[in-house]
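Secondary and tertiary structure notes
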Amino acid sequence: MSAEIPKNYNTKEIEKKWQIFWEKERIYQFNPDSSAPVFSVDTPPPYLSADHLHAGHVMSYTQAEIIIRYHRMKGENIFYPMGFDDNGLPTERFVEKKYNINKSKTTRKEFTDLCLKETAAGGKVYEKFWKSLGLSVDWSLLYSTIDSRSQKTAQRSFLDLFRKGRIYREDAPVFWCTACQTALAQADLEDKEEKSFMRDVKFSLENGDEVVISTTRPELIPACVALYVHPDDERYRKIAGQNAIVPLVNEKVSVRTSPLVDREKGTGLMMVCTWGDVEDVQKWKEDKLPTKLIIGKDGRFNEKAGKYAGLKLREAREAVVRDLEDQNLIVGSREITHVLNIHERCKNPVDFYASPQWFIKILDLKDDLKKRGEEIKWHPSFMKIHLDNWIDGLKWDWCISRDRYYGVPFPVWYCAGCEEIILPEDDELPVDPRESPPRNGSCPRCGESKIKGEMQVMDTWMTSSVTPLINARWQDRKNLMKEIYPMTLRVQAFEIIRTWLFYTLVKSHLHTKTAPWREVMISGWGLGNDGQKMSKSLNNFVAAGAIIEKYSADALRFWACGAMLGMNLRFSEEDVRAGQKILTKLWNAARFIAMNTENMNRKANLSPKNLNSADRWILSELQKLVRSVAEQLDNYEFAKAKILLEQFFWIKFADNYIELIKGRLYGEDAEKKYSAQFALFKTLSALVHLFAPFLPHLTEELYQCFIRNSASPVSVHISPWPEVDGDFDDEKMRKNGKKLMEVIAAIRKIKAEKGVKLSENITALTVGARGLDESFFSNAASDLQNVARANAISFDWQSEKTVDFST
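Below is a short write-up of the structure. (Residues numbered from 1 in each chain as written. Predicted model: local features only at pLDDT ≥ 70, side-chain atom pairs only at ≥ 80, totals over all residues. Heavy atoms only, no water.)

A word on the overall build of the protein chain
Within the protein chain one finds 23 helices and 28 strands. On the principal axes, the C-alpha backbone points of the protein chain span a range of 110 × 65 × 45 Å. For the protein chain, the share of sequence-separated contacts (at least 6 apart) that also reach a separation of at least 24 residues comes to 78%. For the protein chain, the exposed surface amounts to about 35000 Å²; the carbon and sulfur share of it is 47%. Taking the average place of the 115 positive charges on the side chains of the protein chain and the average place of its 113 negative ones, the gap between the two points comes to 2 Å. (Helix = DSSP H or I, 4+ residues; strand = E, 2+ residues; numbered from the N terminus. Contact = heavy atoms within 4.5 Å. Areas by Shrake-Rupley, 256 points an atom, 1.4 Å probe, with all protein chains shown as cover. Lys, Arg positive; Asp, Glu negative; His and termini not counted. Charge placed at Lys NZ, Arg CZ, Asp CG, Glu CD.)

Thoughts on the sheet that holds strand β16 (residues 398–399)
Spatially, 4 strands are ordered β6-β5-β14-β16 in an open sheet, and the strand pairing comes out antiparallel. The sheet is open, and its two borders are formed by β6 (182–184) and β16, each paired with just one other strand. Here 3 bridges tie strand β5 (residues 167–177) to β6, and the two strands are oriented antiparallel to one another. Within β6, the residue paired with Trp176 across the bridge is Ala183. (Pairing = 2+ DSSP bridges.)

Quick notes on the environment of Glu774
Inspection of the secondary structure puts Glu774 in helix α22 (residues 774–779). Each C-alpha atom, one on Glu774 and one on Phe795, is 9.1 Å from the other, the two residues being 21 residues apart in sequence.

Description of the sheet that holds strand β19 (residues 421–422)
The 3 strands lie next to each other as β19-β18-β20, forming an open sheet whose pairing is antiparallel. With one partner strand each, in any of the chains shown, β19 and β20 (451–453) form the two edges of the open sheet.

Some thoughts on the side chain of Glu519
Mapped onto the secondary structure, Glu519 falls in strand β23 (residues 517–523). For the buried residue Glu519, which engages in no salt bridge, the nearest side chain bearing the opposite charge is Lys377, 5.0 Å off. With residues near it in sequence (within four places) discarded, Glu519 still touches Ile376, Lys377, His379, Thr488, Leu489, Arg490 and Tyr636. (Buried < 20%, exposed > 50% of the residue type's maximum accessible area, 1.4 Å probe, protein only. Salt bridge = Lys/Arg side-chain N within 4 Å of Asp/Glu carboxyl O.)

Focus: the pattern of salt bridges
Side-chain pairs of opposite charge can arise where the charged atoms are in close proximity. The tally for this structure, following the rule as stated, stands at 55 salt bridges. Note that Glu454 and Arg169 form a salt bridge whose closest N and O atoms lie 3.3 Å from each other. Placement of Glu454 in the loop between β20 and β21 (457–458) and of Arg169 in strand β5 is noted, with a sequence separation of 285 residues between them. With a shortest N-O distance of 2.6 Å, Lys550 and Glu573 are connected by a salt bridge. Note that Lys550 is positioned in helix α14 (residues 544–550) and Glu573 in helix α16 (residues 573–597), a separation of 23 residues in sequence. A relative accessible area of 27% means that Glu573 is categorised as partly exposed.

Observations regarding helix α5 (residues 148–163)
The terminal C-alpha atoms of α5, which comprises 16 residues, lie 22 Å apart, in line with the 22 Å expected from a rise of 1.5 Å per residue. Those residues of α5 that fall on the buried side of the exposure criterion are Arg149, Ser150, Gln151, Thr153, Ala154, Gln155, Ser157, Phe158, Leu159, Asp160 and Leu161. Of the residues flanking the start of α5, the one acting as N-cap is Asp147, its side-chain oxygen 3.3 Å from the backbone nitrogen of Arg149. Looking one or two residues past α5, Gly165 carries a phi angle of roughly 80 degrees, positive in sign. (Expected span 1.5 Å × (residues − 1). Polar contact = N/O pair within 3.5 Å; in protein donor to acceptor, adjacent residues only side chain to side chain.)

So, the packing of helix α9 (residues 384–392) against helix α13 (residues 497–512)
Between α9 and α13, the least distance of the axes is 10 Å, while the angle of their chain directions is 80 degrees. Judged by the angle between their axes, α9 and α13 are roughly perpendicular. Residues His386, Leu387, Trp390 and Ile391 of α9 form the contact with α13, whose participating residues are Ile497, Arg498, Leu501, Phe502 and Leu505. Its residues assigned to classes, the contact of α9 with α13 shows 7 nonpolar, 1 polar and 1 charged. (Axes fitted to C-alpha atoms, helices over the stretch in contact; angles between N-to-C directions. Parallel < 35°, antiparallel > 145°, perpendicular 65-115°, else oblique. Nonpolar A, V, L, I, M, F, W, Y, C, P; charged D, E, K, R; others polar.)

Overview of a negative patch on the surface
Together, Asp262, Glu264, Asp277 and Glu279 give the surface a local cluster of negative charge. We classify Asp262 as partly exposed; its relative accessible area is 43%. (Patch = residues over 30% accessible without salt bridge, like charges linked within 9 Å, V, L, I, M, F, W, Y side chains within 5 Å.)

Comments concerning the nonpolar core
One finds Trp130, Leu633, Phe653, Tyr657 and Phe694 to be the most contacted residues of the largest nonpolar core, which totals 135 residues. Within the second largest apolar cluster, 68 residues are counted, among which are Leu369, Cys415, Ile497 and Trp500. (Core = buried A, V, L, I, M, F, W, Y, C linked by side-chain atoms within 4.5 Å.)

Examining unusual backbone geometry
Put simply, Thr274 and Trp275 share a cis peptide bond, and its omega is -10 degrees. Assignment of secondary structure puts Trp275 in the loop between β12 (270–273) and α6 (278–287). Backbone geometry places Leu248, a non-glycine residue, at a positive phi of 75 degrees. Mapped onto the fold, Leu248 is located in the loop between β10 (243–246) and β11 (251–257). Phi is positive for Lys288, which is not a glycine, with a value near 50 degrees. Relative to the helices and strands, Lys288 is located in the loop between α6 and α7 (313–326). Exposure remark for Lys288: the relative accessible area of 71% places this residue in the exposed category.

Right, dumping it as structure tokens:
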């Protein structure tokens, strides 16, 4: 047997070997015909828009994968797909940057073809990487958010919500990214602090009086459509109802009252433009104010801005401030720090723009959605507050349309005659109204044959929000809804609670009147050396492929589970090296055991009474370990499980137990030798299984070379999870073993104090044994004598001095 295990563990060769084996043997394939309980997983389909997968990606996927592997070994039928989120804005921006191309200067087909080319190439890169990491994904379940199945599901979702009255189209102000030239949803925004100036600007009233407004956006003065004061503000009681003259453009606007005006902000006089912020939009809607939109969709000022037409925003701001100063209209200026809304993708400031867009009504669902969130078990539990806070802070319905080329098309046509909205039937899906007419070829209302397809595409979250339904094949007659839905587990990072988790909750609530999963598992961030979230844009990422090449996939995985669930984890190459060390130590321990147990009868089962004290102790500790690791993994505490495994293996098993029993392994007493062999093999076999979710490649190699027999499952990863053996679960043995380790530590310490090497022989060892279990320690005498390298050993049952020796 030992000949089958080489001296050195070749990570590159062995990891590749087992990755091929797992795929060939379909070890991770979901079995729809199995009667075993299903454990279905909704995994994050990553964007295919990054050149490198970094250690941060590894951290979150590995943490989830440990739990998934554990449940597979518990006998559950695992449904673990992989999806790639390759439609929509992120892919478009990636293509624009890579090819240095402006989508507005090419045809939609040419640009879409480039997107499809890049997503196909990116998918292969991602799949190769995830396989190299050892993810136990069922690749036969792979889906792409731009493929036919996903498009069909997203379009069916649209039609279902349209028929339920949840979807509407409106020409109204929306968040608009001028860099990406598309509408955005509230969840697409981030806050960014920026230094700016608050400027006090004079306005004239019709009666000749002057008032002062404070603004951080003087460039929007030409778009001013009203002034507002608080009705109880004594300073402005007389001017309410009058007209003011907007400087620079000399246009009249009304002075109105609103109890929502903040009297303490600026001068207490509020300027409303179309549109500078959310308050502007609210006042515009509530009071039906005039519309004077001076910023175009490209971010340049339009003809309504007069002399400022054609300028970019910052250029216009400088020009307006200059003109105000020339007319002595700025009476004060002070530097401030304020918060801007920026687009999370391109990091450019976001403005408002009015254009026809599609929306899903969600603002009336806040209470219902929070109740759905309560139906889900959260790991860790404190993450739920992020969902509740997001729902409480919602101010807008969900804008689901994007003014881009690449994405899932809306299943909508418009009649050129009566403007009727024409929808397909479910059995026609997927459709692309930009390329083909409706099935009947004419308007069902007026018979007009001139039909125009919707040119906008869906927000990428319209597809990602139905990943449980995509996986369950909701769009097909023969689906898996009963088998896997609601899904068992959603795994994701916490920063997309407001997007992926929230939107999926919305869709499931509206489509199936259930929560989409029973549990959610939320990971933290992998951090760079600077302590920031690992990101290519920050240039603080560590390319995961290079780390795998240098150390191994298993070593990188071991680093990834070093933080508690939901906590951030700074990347440390030293911690990866520590993972590599445990691989080496496990390998060497297995070789040692193989060489010393190859002739034993491994099928025989000894009872505790036939075992030596040290063997009974290690096996009792093993039962505690099996119980504790399972408890931790049941609670998603993989980091605690990892620590328990490390401590048991390094300290109790490798450093103490193996050293204790070497004398018996090399001795002539067959019964004592077999007792040690039995405990060694039983312990290592359990350890290989317990480490399997963390170190899948190494444990597969050890299982195949050392543990597996003709009756065993073909892979360690579908072999049963260890169970507590009540015959060896002995708390008294664990207490005696703790004392035994204290004696061993004392022997090593006193040798060091006296300058005697651990490997150096001593004449006699005396153990102060007052209070110790005489039967246990008398049986362990030969093991202690061996550890101490003593020619003789004796116990002083009256002495409290732990150990002493003579040379």
